[in-house]
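# Geometric and topological summary
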Amino acid sequence: MNDSAPDHPARPVVLDVWCELQCPDCGTALDDVRALRARYSDRVELRLRHFPLEKHKHSFAAAQAAEEAFEQGSGWPYVEAVLAGVQELDRRGEPFLVDTARELGLDAEEFDTALIDGRHILIVDADQAEGKAIGVTGTPTYVVDGERLDGGKSQEGLRERVEAIIDRLLAAEGS
């Protein structure tokens, strides 16, 4: 069997986006995330990774709620809606997370239950621990092909640097 046969699609490049849903900079970075998803489609696997910061008291609950949204099949639309309402999340906390789910047609009662029973805590904890282990200190932070790009310090030119790495990886794979 020939592994380089054309019927074997190239594996997508993995782009981890370390994000905190109560972080205004992550909201600003949404345009970049949308543009990367549009440009690369299925050639890049864009993964939300959680890095809740202690200074934002609702960020841990928001990360759990995002996991519930992914489980219900609407992860990115939910993430975008929460990031668009960062100030409301600051003010209202968990009721805002549940209301946002309801507005998107998701099972809001299941969101409420997930926040109470903590079914997604281990995923959020594991992401945060991995982030700390690889040197993530703020959000957003992008990691592609082992290269960490810190968007928490500056968004300036960040998407272009991410695209340059992805383009190089895709060219090497012949995609």
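As a reminder, the structure under discussion sits directly above these lines.
Reference entry: report on the structure contained in this document. (Residues numbered from 1 in each chain as written. Predicted model: local features only at pLDDT ≥ 70, side-chain atom pairs only at ≥ 80, totals over all residues. Heavy atoms only, no water.)

In terms of residue burial, helix 3 (residues 75-84) counts as a mostly covered element, since seven of its 10 residues are buried. Residues Gly 75, Trp 76, Tyr 78, Val 79, Glu 80, Val 82 and Leu 83 constitute the buried set of helix 3. (Buried < 20%, exposed > 50% of the residue type's maximum accessible area, 1.4 Å probe, protein only. Helix = DSSP H or I, 4+ residues; strand = E, 2+ residues; numbered from the N terminus.)

Leaving glycine out, the prevailing phi sign among residues is negative, and the prevailing peptide bond configuration is trans. Cis geometry is adopted by the peptide bond preceding Pro 140, which originates at Thr 139 and carries an omega value of -5°. By secondary structure assignment, the location of Pro 140 is in the loop between helix 7 (121-134) and strand 3 (141-144). Positive phi values are uncommon outside glycine, yet Ser 41 reaches one of about 50°. Positionally, Ser 41 belongs in the loop between helix 1 (24-40) and strand 2 (44-50).

Now for the packing of helix 2 (residues 59-71) against helix 7. Where helix 2 contacts helix 7, the two axes come as close as 9 Å, and the packing angle between them is 115°. For the element pair helix 2 and helix 7, the recorded crossing hand is right-handed. Between helix 2 and helix 7, the contacting residues are Phe 60, Ala 63, Gln 64 and Glu 67 on the first element and Ile 121, Ile 123, Val 124 and Asp 125 on the second. Counted by class, the contact of helix 2 with helix 7 contains five nonpolar, one polar and two charged residues. (Axes fitted to C-alpha atoms, helices over the stretch in contact; angles between N-to-C directions. Left-handed = near helix turned anticlockwise from the far one by under 90°. Contact = heavy atoms within 4.5 Å. Nonpolar A, V, L, I, M, F, W, Y, C, P; charged D, E, K, R; others polar.)

Turning our attention to the pairing of strand 3. Here strand 3 shows no split at all, with Thr 141 and Val 143 on one side and Tyr 142 and Val 144 on the other all buried. With four bridges joining them, strand 1 (residues 13-19) and strand 3 adopt antiparallel strand pairing. Paired with Asp 16 across the two strands is Val 143, which belongs to strand 3. Pairing between strand 3 and strand 4 (residues 147-150): four bridges, direction antiparallel. Across the sheet, Thr 141 pairs through a bridge with Asp 150, a residue of strand 4. Once strand 3 ends, the chain turns through two residues before running back antiparallel as strand 4, passing Asp 145 with a positive phi of about 55°. (Pairing = 2+ DSSP bridges.)

As enumerated under the stated definition, the model contains two aromatic pairs in all. Centre to centre, the rings of Phe 70 and Trp 76 are 5.9 Å apart; their planes meet at 85°, and the pair counts as edge-to-face. Overall, the relative accessible area of 32% leaves Phe 70 in the partly exposed class. Trp 76 gets classed as buried once you look at its relative accessible area, which sits at 13%. Taking the centre distance of 5.1 Å and the plane angle of 40° together, the rings of Tyr 78 and Phe 111 count as tilted. Here Tyr 78 is found in helix 3, whereas its partner Phe 111 is found in helix 6 (residues 108-117), with 33 residues between them in sequence. Its relative accessible area of 0% is what places Tyr 78 among the buried residues. (Phe/Tyr/Trp six-rings, centres within 6.5 Å; stacked < 30°, edge-to-face > 60°.)

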